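Structural description and commentary
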Amino acid sequence: MQISLELKRLDHGRDLPLPAYQSDLAAGLDLLAAVGESLVLAPGTRALIPTGLAMALPTGFEAQVRPRSGLAAKHGVTVLNTPGTIDADYRGEVKVILINHGDAPFEISRGDRIAQMVIAPVLQAQILEVTELTDTTRGAGGFGSTGRS
Ligand SMILES: O=c1ccn([C@H]2C[C@H](O)[C@@H](COP(=O)(O)OP(=O)(O)OP(=O)(O)O)O2)c(=O)[nH]1
Ligand SMILES: [Mg+2]
């Protein structure tokens with residue numbers, strides 16, 4: 001399914017390519033780091049990385065900011081709040097909260113692909129407060145409650 005996504009390159013991202021799907025059926029658009037020359041993420045530290053992009057998602061959609069598995073597997077670098085949520089009414093800069101869980105400093109250069117963004121449909125619930133909930137076989141069981149005799 002295809003939708004249109006309005007993307008705006010901000011001044012500090014003007015020279016960077018727009019995010020793109022890297023294969024025909026890729027789910028995520030790679031996000032690029034709109035940092036200055038470069039930035040080093042020391043082990044155990046996090047940083048809010050600018051992408052130089054703002055956008056207008058269509059009503060009924062969100063964007064999820066997710067890690068790239070290559071960075072996680074090779075360097076222990078991931079998105080701290082994964083999946084980050086971009087609301088359809090957000091017009092500020094999209095930023096990525098990266099954390100270095102590895103044991104070596106991780107260098108981020110301008111234009112590096114640091115995360116990916118997946119567009120997904122959203123349902124907003126109409127909240128109905130009740131005093132009784134319907135009965136179910138599971139009831140209040142959870143947290144490993146099934147399969148026990
Ligand atoms: O990884 C992320 C997560 C969020 N945002 C932006 C877009 C999103 O619409 C807004 C708010 O995000 P969220 O609701 O997760 O943060 P909050 O702490 O609840 O802030 P707010 O009170 O502004 O909703 O911040 C990003 O740029 N990157
Ligand atoms: Mg919020």
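Since this is a predicted model, take the numbers as computed values, not measurements.

Describing the overall build of the chain
A tally of regular secondary structure across the chain gives 1 helix and 10 strands. Starting at the N terminus and ending at the C terminus, the chain contains elements arranged as β-β-β-β-β-α-β-β-β-β-β. Taking 149 residues into account, the globule formula puts the C-alpha radius of gyration at 15 Å, and the chain, at 19 Å, lies well above it. With respect to the principal axes defined by its C-alpha atoms, the chain has extents near 60 × 40 × 30 Å. The burial tally for the chain puts 32% of its 149 residues in the buried class. A separation threshold of at least 6 residues defines the contact pool for the chain, and within that pool the share at least 24 residues apart is 71%. Total accessible area computed for the chain in this model is approximately 10,100 Å², and 51% of it derives from carbon and sulfur atoms. For the chain, the centre of its 13 positive side-chain charges and the centre of its 16 negative side-chain charges are spaced 4 Å apart.

Structural notes on the site of ligand 1
Lining the immediate environment of ligand 1, one finds Asn81, Gly84, Thr85, Ile86, Asp87, Tyr90, Glu93, Val94 and Lys95. Separating a nitrogen atom of ligand 1 from a backbone N or O atom of Lys95 is a distance of 2.7 Å. Out of a free accessible area of 570 Å², ligand 1 has 49% covered by protein chains. Those elements giving two or more residues to the shell around ligand 1 turn out to be β7 (84-86) and β8 (93-100). The class makeup of the residues in the shell around ligand 1 is 3 nonpolar, 3 polar and 3 charged.

So, the UniProt feature "binding site: substrate" (unreviewed entry) in the chain
Here, UniProt's "binding site: substrate" (unreviewed entry) annotation points to Arg68, Ser69, Gly70, Asn81, Thr85, Ile86 and Asp87. Separation in sequence by 20 residues is matched in space for these annotated residues, since their most distant C-alpha atoms are 26.4 Å apart. Take Ser69: it is sitting in helix α1 (residues 69-75). Assessed through its relative accessible area of 60%, Ser69 is described here as exposed. Looking at where Asp87 falls in the secondary structure, it is placed in the loop between β7 and β8.

Details of the nonpolar core
Ile49, Val96, Leu98, Ile108 and Ile114 are the most contacted members of the largest nonpolar core, which has 24 residues in total. Breaking this core down by element, the ones donating at least two residues are β2 (28-32), β4 (46-56), β5 (61-66), β6 (77-79), β8, β9 (106-109) and β10 (113-121). Broken down by element, the residue count for this core peaks at 4 residues, all from β4. Excluding anything up to four places from it in sequence, Leu98 contacts Leu41, Thr45, Arg46, Ala47, Ile49, Val77, Thr78, Val79, Ile108 and Ile114.

Reading the values: the criteria
Residues numbered from 1 in each chain as written. Chains lettered and ligands numbered in written order. Predicted model: local features only at pLDDT ≥ 70, side-chain atom pairs only at ≥ 80, totals over all residues. Heavy atoms only, no water. Helix = DSSP H or I, 4+ residues; strand = E, 2+ residues; numbered from the N terminus. Rg over C-alpha atoms; globule rule 2.2 N^0.38 Å. Buried < 20%, exposed > 50% of the residue type's maximum accessible area, 1.4 Å probe, protein only. Contact = heavy atoms within 4.5 Å. Areas by Shrake-Rupley, 256 points an atom, 1.4 Å probe, with all protein chains shown as cover. Lys, Arg positive; Asp, Glu negative; His and termini not counted. Charge placed at Lys NZ, Arg CZ, Asp CG, Glu CD. Near = heavy atom within 4 Å. Polar contact = N/O pair within 3.5 Å; in protein donor to acceptor, adjacent residues only side chain to side chain. Nonpolar A, V, L, I, M, F, W, Y, C, P; charged D, E, K, R; others polar. UniProt positions renumbered as here; feature names shortened; annotations may be inferred. Core = buried A, V, L, I, M, F, W, Y, C linked by side-chain atoms within 4.5 Å.

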